[in-house]
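Single-letter residue listing:
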Amino acid sequence: YEEKHIDPKDLKSKEISTEVNASKAQDIFIENNNRTIEIKTWEQPKVKIVTTIYYEGEGTKITDEEWFEKLNISLRSAASSIKIKSGSVGGGSYSINGSAFAWSSGQNSNTAVFNADGKNIGTQSKLKRQVTIYVPKDNKVDLETKYAEVLISGNLSKLNADITNGGLDIQDVGNLTLRSKYANVTTGNIKNGEVELINGRLIMKDADDLDLDTKYATIEAGTVKKISIRSINDEYELEEVGSLQGRKNYGNLRITKLNTAFDLEGTNADVKVRNIAASLESIKINNKYSVS
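Residues numbered from 1 in each chain as written. Predicted model: local features only at pLDDT ≥ 70, side-chain atom pairs only at ≥ 80, totals over all residues. Heavy atoms only, no water.

**Brief notes about the overall build of the protein**
Then, in step 1: On a plain count of helices and strands, the protein comes out with 1 helix and 17 strands.
Then, in step 2: Burial analysis of the protein (292 residues in total) assigns 45% to the buried set.
Then, in step 3: In the protein, of all internal contacts separated by at least 6 residues, the share reaching a separation of at least 24 is 37%.
Then, in step 4: Surface exposure of the protein reaches about 14,600 Å², of which carbon and sulfur atoms provide 45%. (Helix = DSSP H or I, 4+ residues; strand = E, 2+ residues; numbered from the N terminus. Buried < 20%, exposed > 50% of the residue type's maximum accessible area, 1.4 Å probe, protein only. Contact = heavy atoms within 4.5 Å. Areas by Shrake-Rupley, 256 points an atom, 1.4 Å probe, with all protein chains shown as cover.)

So, in C-alpha cells, the structure goes:
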C-alpha cells in the first residue's frame, strides 16, 4: 500500500496498558520480533504492559485491549505461565532454504500510525514507540527475541534468554541460561551462567560459576570464580579467574590474574596469563599452543 506522509504534529497520542495477576508459580514467556522493548522488574505480583498509540483524528472509542491487538501485542495467562507475544505491525516472517527472514511494513525503525477507528494508515520514522513490560523480580523469565534490542532494567533471579540478530542488555541475574547468535549481550553480575554464543559479543561484570560454549565471539568478564569453556576462534579477556578448565581451539585467551587452577587443552590458541597468584594449586596445559 502507499506510504502516507504523516506529520507527527497532527497526531494524538494515548497511553495504553494491560495487565494480569502473576503467582510465583507462573513462568513468564516473552516472545518478541522486530520491536525494541524494555522489561522492568518490580515488587508487584502482576505482569503489566504499557505503551503509547499514535493516531489521527478525533477522540478514539477503541479499548486498550483492541489497540494491543492492532499493535500485534498479546498477553495471556494460564495456570503455569504468562505469555506475551510482540511483533511488528503488519509484519511477518518467511523462510528461504530453512533460514528465517523477517519483513515489516515500513522499516524496523518506523512506528505504525492509525486513524481514530484503529486502521493502520502508514508509518512515521520520527516517532519511537516504547513498549515497557513490568514483571515480578522473582518469577522466572523466558525471553525469545529476534531482530530487536531488548533492555532489562532491574535484577532477576532466573532468566532464560534466546536472542538472534540484535542486542540484549541485562542487570544482575541469579541463574542465567543464554543462547545467542549474531547478537551483542551485556550483563551485570551472574551467579550461575550457562551460555552458548555464536558470532557476537558478551560483556559481563563478575560471575560465580560460568559454563561457556562459544564460537567466533568476543567474551569480556571481570572476576570469575569458576569457569568452564569450550571455545573455537574466540577472543577471551578475563580480569581475574579462580579456576578455569576446558578446551580452546584458535583465537586468544587473556587472563590478567589467575588464582587457583588452570587446565586447558586444544590447538593453536594464543594464551596469556599476566599474573599468577601465590595461591595457585595446579596448572595443566595440553600444549599444541603458543603460551606466554
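**As for unusual backbone geometry**
Then, in step 1: Despite not being glycine, Tyr-182 shows a phi value in the positive range, around 50°.
Then, in step 2: The topology assignment puts Tyr-182 in strand S14 (residues 173–187).
Then, in step 3: Non-glycine residue Tyr-216 carries a positive phi angle of around 50°.
Then, in step 4: Along the chain, the position of Tyr-216 falls in strand S16 (residues 207–276).

**Points about the confidence of the model for the protein**
Then, in step 1: Taken as a whole, the protein shows an average pLDDT of 89; of its residues, 89% reach a score of 70 or greater.
Then, in step 2: Scored below 50 in pLDDT, residues 91–108 shows 28 contacts in the model against residues more than four places distant or in partner chains. (pLDDT = per-residue confidence, 0-100.)

**Observations concerning the environment of Lys-12**
Then, in step 1: Locating Lys-12 in the fold gives a position in strand S1 (residues 12–21).
Then, in step 2: The spacing of Lys-12 and Tyr-55 is 43 residues in sequence and 5.4 Å in space, taken between C-alpha atoms.
Then, in step 3: Each residue touching Lys-12, except ones within four places of it in the same chain, is listed here: Ile-53, Tyr-54, Tyr-55, Gly-57 and Glu-58.
Then, in step 4: Within polar-contact distance, the side chain of Lys-12 engages the backbone oxygen of Gly-57 at 2.9 Å. (Polar contact = N/O pair within 3.5 Å; in protein donor to acceptor, adjacent residues only side chain to side chain.)

**Quick word on the side chain of Arg-35**
Then, in step 1: Turning to its location among the elements, Arg-35 is positioned in the loop between strand S2 (27–33) and strand S3 (37–42).
Then, in step 2: One buried charge, Arg-35, has no salt-bridge partner; the nearest side chain with opposite charge is Glu-31, at 11 Å.
Then, in step 3: With near-sequence residues (within four places) excluded, Arg-35 lies in contact with Leu-71, Asn-72, Ile-73, Ser-86, Gly-87, Val-89, Val-131, Tyr-147, Ala-148 and Glu-149. (Lys, Arg positive; Asp, Glu negative; His and termini not counted. Salt bridge = Lys/Arg side-chain N within 4 Å of Asp/Glu carboxyl O.)

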